[in-house]
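The chain contents come next:
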Amino acid sequence: MPETQDHVSTNPTKFVYAFTEGNKDLKDLLGGKGANLAEMTNLGLPVPPGFTITTEACCLYLENGTEPPALRDEVTEHLDALEKQMGKRLGQEDDPLLVSVRSGAKFSMPGMMDTVLNIGLSDASVGGLATQAGDERFAWDSYRRLIQMFGKTVLGVDGELFEEALEAAKEAKGGVTDVELDAGDLRSLVERFKEIVRTATGRDFPQDPREQMDLAIRAVFDSWNTDRAKLYRRQERIPGDLGTAVNVCSMVFGNLGPDSGTGVAFTRDPASGQQGVYGDYLQNAQGEDVVAGIRNTVPLADLEQLDKKSYDELMQIMETLELHYKDLCDIEFTIERGKLWMLQTRVGKRTAAAAFRIATQLVDQGLIDEAEALQRVNGAQLAQLMFPRFDLTAQADQIGRGIAASPGAAVGKAVFDSYTAVKWSRSGEKVILIRRETNPDDLDGMIAAEGILTSRGGKTSHAAVVARGMGKTCVCGAEDLEVDTKRRRLTAPAPDGKGSIVIDEGDVVSIDGSTGKVYRGEVPVVPSPVVEYFEGRMHAGAEDADELVQAVHRVMAYADRVRRLRVRANADNAEDAARARRFGAQGIGLCRTEHMFLGERRELVERLILADTDAERDDALAALLPLQKGDFKELFEAMDGLPVTVRLLDPPLHEFLPDITELSVRVALAEAREDGNENDLRLLQAVHRLHEQNPMLGLRGVRLGLVIPGLFTMQVRAIAEAAAERKAAKGDPRAEIMIPLVGTVQELEIVREDAERVIAEIEREHGVELKLTLGTMIELPRAALTAGQIAESADFFSFGTNDLTQTVWGFSRDDVEASFFTAYLEKGIFGVSPFETIDKDGVGKLVSDAVAAGRSTRPDLKLGVCGEHGGDPESVHFFHEVGLDYVSCSPFRIPVARLEAGRAAAESVGSDSR
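Residues numbered from 1 in each chain as written. Predicted model: local features only at pLDDT ≥ 70, side-chain atom pairs only at ≥ 80, totals over all residues. Heavy atoms only, no water.

Trainee: Tell me about the side chain of arginine 102, and please be specific about residues and values.
Mentor: Relative to the assigned elements, arginine 102 resides in strand E3 (residues 99–105). In this structure the side chain of arginine 102 is engaged in a polar contact, spanning 3.0 Å, whose partner is the side chain of glutamate 332. (Helix = DSSP H or I, 4+ residues; strand = E, 2+ residues; numbered from the N terminus. Polar contact = N/O pair within 3.5 Å; in protein donor to acceptor, adjacent residues only side chain to side chain.)

Trainee: Could you give an account of the nonpolar core, naming the residues involved and the relevant values?
Mentor: One finds Phe356, Leu382 and Val552 to be the most contacted residues of the largest nonpolar core, which totals 152 residues. Ranked by residue count, the leading element in this core is helix H27 (residues 711–728), at 10 residues. If near-sequence neighbours (up to four positions away) are discounted, phenylalanine 356 is found in contact with Val377, Asn378, Gln381, Leu382, Leu385, Leu548, Ala551, Val552, Val555 and Leu899. Core analysis: the second largest hydrophobic core is formed by 59 residues, Leu97, Leu117, Ile217 and Ala219 among them. (Core = buried A, V, L, I, M, F, W, Y, C linked by side-chain atoms within 4.5 Å. Buried < 20%, exposed > 50% of the residue type's maximum accessible area, 1.4 Å probe, protein only. Contact = heavy atoms within 4.5 Å.)

Trainee: I'd like a description of the sheet that holds strand E7 (residues 275–283), backed by residues and values.
Mentor: With antiparallel pairing, the five strands of this open sheet are ordered in space as E8-E7-E6-E9-E10. Each of the sheet's edge strands pairs with one partner strand only, and the pair in question is strand E8 (298–299) and strand E10 (339–347). Summarising the sheet, E7 and E8 pair through two bridges and their orientation is antiparallel. Paired with aspartate 280 across the bridge in E8 is proline 299. (Pairing = 2+ DSSP bridges.)

Trainee: An account of the sheet that holds strand E14 (residues 409–415) is requested, with residue identities and associated values reported.
Mentor: Ordered in space as E12-E22-E21-E14-E15-E16-E17-E13, the eight strands form an open sheet in which the pairing is mixed. The open sheet has two free edges, formed respectively by strand E12 (397–401) and strand E13 (403–406), since each of these has just one partner strand. Averaged over all adjacent pairs, the angle separating strand axes in this sheet is 30 degrees, with direction ignored. Sheet analysis places E14 next to strand E21 (residues 508–512), joined by five bridges and oriented antiparallel. Paired with valine 411 across the bridge in E21 is serine 510. Seen against the sheet, helix H16 (residues 418–426) touches E14 and strand E15 (431–435) and runs at an angle of roughly 110 degrees to E14. (Axes fitted to C-alpha atoms, helices over the stretch in contact; angles between N-to-C directions.)

Trainee: Describe the side chain of aspartate 631, and please don't skip the residues or the numbers.
Mentor: Within the fold, aspartate 631 resides in helix H23 (residues 614–638). Non-local contacts of aspartate 631, meaning those with residues more than four positions away in its chain, are made with Met596 and Arg601.

Trainee: Can you lay out the pairing of strand E22 (residues 517–520) for me, pointing to particular residues and giving the numbers?
Mentor: The pairing of E12 with E22 spans four bridges and is classified as antiparallel. Counted as the bridge partner of glycine 400 is valine 518 from E22. In this sheet, E22 lies alongside E21 in antiparallel orientation, the contact comprising four bridges. Across the sheet, the residue bridging to serine 510 is tyrosine 519, located in E22. In this structure, the hairpin formed by E21 and E22 is closed by a connection of four residues, where glycine 516 is found at a positive phi of approximately 85 degrees.

Trainee: Please set out the packing of aromatic side chains residue by residue, giving values where relevant.
Mentor: In the structure shown here, the tally under the stated rule is 25 aromatic pairs. When the ring of tyrosine 281 is compared with that of phenylalanine 333, the centres are 6.0 Å apart and the planes differ by 0 degrees; the resulting orientation is stacked. Remark: phenylalanine 333 occurs in strand E9 (residues 329–336) and tyrosine 281 occurs in strand E7; sequence separation between them is 52 residues. For the pair shown, tyrosine 281 and phenylalanine 333 are each scored as buried. An aromatic cluster of three or more residues is present, and its members are Trp809, Phe811, Phe820, Phe821, Tyr824, Phe830 and Phe835. (Phe/Tyr/Trp six-rings, centres within 6.5 Å; stacked < 30°, edge-to-face > 60°.)

Trainee: Account for the pairing of strand E27 (residues 734–739), naming residues and giving values.
Mentor: Counting buried residues along E27, five of its six residues qualify, which places the element largely inside the surrounding structure. In this structure, strand E26 (residues 643–647) lies alongside E27, joined through five bridges in parallel fashion. Residue threonine 645 lies in a different strand from E27, and its bridge partner there is glutamate 736. Examined bridge by bridge, E27 and strand E28 (residues 773–778) share four bridges and lie parallel to one another. In the strand pairing of E28, methionine 738 is matched with glycine 775.

Trainee: Help me get a handle on the pattern of salt bridges, residues and values and all.
Mentor: Oppositely charged side chains can form a pair if their charged atoms are brought close together. Evaluated as defined, the whole model comprises 60 salt bridges. Residue arginine 647 is joined to glutamate 594 by a salt bridge in which the shortest nitrogen-to-oxygen separation is 2.5 Å. Here the residue arginine 647 occupies a position in strand E26, and glutamate 594 occupies one in the loop between strand E25 (588–592) and helix H22 (602–610), the gap between them amounting to 53 residues. On the basis of relative accessibility, which here comes to 8%, the residue arginine 647 falls in the buried class. Glutamate 594 gets classed as buried once you look at its relative accessible area, which sits at 9%. Through salt bridges with shared partners, a single ionic network connects Glu594, Arg647, Asp650, Arg700 and Asp803. (Salt bridge = Lys/Arg side-chain N within 4 Å of Asp/Glu carboxyl O.)

Trainee: Could you give an account of helix H28 (residues 745–766), with specific residues and numbers?
Mentor: In this model, H28 (22 residues) spans 31 Å end to end at C-alpha, consistent with the 32 Å of a helix rising 1.5 Å per residue. Within the span of H28, buried status applies to Val745, Glu747, Leu748, Val751, Arg752, Ala755, Val758, Ile759 and Ile762. Looking down the long axis of H28, one finds its buried residues gathered within 155 degrees of arc, a one-sided arrangement. Seen from the open side of H28, the exposed residues pointing more than 90 degrees away from its buried face are Glu753 and Arg764. Contacts from the buried residues of H28 go to helix H26 (702–707), H27, E27, E28 and helix H30 (787–790). Immediately downstream of H28, the backbone of glycine 767 shows phi near 65 degrees, a positive value. (Expected span 1.5 Å × (residues − 1). Arc of directions from axis to C-beta.)

Trainee: Quick rundown of the packing of helix H13 (residues 352–364) against helix H15 (residues 379–386)? Include the residues and the values.
Mentor: Relative orientation of the contacting elements H13 and H15 amounts to 115 degrees, with a least axis distance of 8 Å. Here H13 runs over H15; the crossing is left-handed. Two secondary-structure elements touch here, H13 through Ala352, Ala353, Ala355 and Phe356 and H15 through Gln381, Leu382, Gln384 and Leu385. Of the residues belonging to the contact of H13 with H15, the class tally is six nonpolar, two polar and no charged. (Left-handed = near helix turned anticlockwise from the far one by under 90°. Nonpolar A, V, L, I, M, F, W, Y, C, P; charged D, E, K, R; others polar.)

Structure representation (structure tokens):
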């Protein structure tokens, strides 16, 4: 994520820098465009002269509503110097100097902010430009472009008005293209454009060149806070307080005829990373024509035939820039009557696949080392590469869009309940489970389904969290889709707004977890070779391993060598554990035992809840013991030799009982038929007895173990017996027992004492030393604040950042995303949901303080995190910084966490060396 950095300035009162004064390291102050224009100038490349107004000036303007008092004088001083250098004045009548005014923030925000070209043209100077250029058409074309861009960008005139007038002019000539309009046509168009400005704004188009420039500079400043710029910054997580620089550059013209033109070039293919000649060129055009797609461009390679001299020079400059920046460069250029000019360069955006390829290519070329290569890629890019994806070239019938909750591409028959999903899946059908929202009862169906679609919920809803844990494609919160589980159908609005589209159970749907799009029918998917590599089905050195897999392998190998953080998995069964191990997990950081109580075992839990006597309760626990032990034995075998952290039962008991409304209806109907079921009636009484206003803060976690005799000791016994039997089978079980939701050391002391008694008993029975450790989750603010005390009775801490975020913020995770998170994100209260990325200032402060306090009490205290944040790239860097020993995340996120742990370590070394 881009971070706010202090502006770099040797002179705090200096607001304007000539291109000859800056360099590429001054992006904070000069923005990316200005810093790179200065760098190219320093390299002796052909850059039109100009100057940059700093981001500091922009920030002061936005803060105070007016420019800093010294700015106008500084601009005048640099404009005077530019005029002397060019030998002409801005807008002079006989030979006008024209300039462009362009935005340029520290981080690239393509198309989000404003640019105005041809500043300085007026009724008085257009004739002089025509004379000097020897081309009347060119002069009037440049003038109409200025009025159009200035009117829309600076004066706020509806751009469609200009487009309509331009189309009308072309139609009047018989449907010609822009370049076929002659000087007379363009002169008339200029008059029409001026009328549009006068009508829309109540003023004439400004004829004073300096007024044009000053107004354009203000417009660029203001464009930092347009809705589209704010939206882009939220999406890219760019801080809102950076401001934009403004670049005032002498104009060079690509619209002077067939020996002129404009283009965009890349030093490598940004899609694949392959070296070659990549880009587009457009003859007789200005820069915005390429971006707007007004006319068809030709491939950059065609420039060699059109203008060999300029082409050869461009190729040499591209090589110079890539060697200098040691990265893929994105270049904008103009050719004016056979003379090449460089208008911009920047490190180019690229696809995830290209990022990995380019990083390793540059290592092979000796331009960067492995540590730098690690910084050129990130976990988000790796995650993109791991998920199957739809073939974007195929035709698809989109019917809706939700939140991209878990990436991937999934196709299957629509089913509307878990039972049907399991049944159809077992018969060989691929299904998509569609629900309004999911709950733990849907787990079997979620496992059976190819993907999950819900009409409610967000990125941290049950469906999203579980789907990510399983590496399952998921789209949540598709609010335009109406899910009717009773009639077993989904209804979507028709694209034309008339009628609706109905998807009945059994109809095929496709969901894209990377974009949130939902399609009717089957969309072809493309598998990911990267997952095959991580699964061990493809060796990086195999003949069929493509360059991408080899690149990923090399980067991951280096990340694993340098990282300090170990990476564990959140896994609840042997199958997930085995997959996690193949993905590189170094143990299990969270095994949720409640998932072992679902499905067919729910009846045993109901017996435990309904027990009226100690004997009934003991019978229920005795029935659960061998089942739990069997689960743990499988888990210990899958993770033999690696630590397995088992969390004792955490959720409130009502989650194992039927829904209160559903059960009440069932009992009422049975009573009406006079064939009531005694067990249902007892269940309903239990549901009422256990009902809580806020169950997530009620009877759960350690509190369950303290008030239900034998519950936690049964689980500890199952863990200890499984470990003992695994040892007898010559295995190496390394179980860690974790007590959830501890708020005070006294709770932990009581549970620990009981657990140690049971463990000692099993050790005597089996004649083994188990070396089981006991620790706790830190997921309540009080636990974090008293971590020093709790560490006296804990061998380890695991930060449960999901619940810690809920309790620190006072958020109910299941409710807040749907109710107000969108508004908070739009208003800038959040840059990103605190459930996605750790809140460093609040939750992170508690984590950091708890780490320090815990280790001051017990220096050898093992520390980890097992919340969803354990697989979030930015959060992994934070956990590295505060000194945790490991992160734990869903199996599918393990490669991402490994990569980011390596990047965090390499970054720390780089920072220390600097």
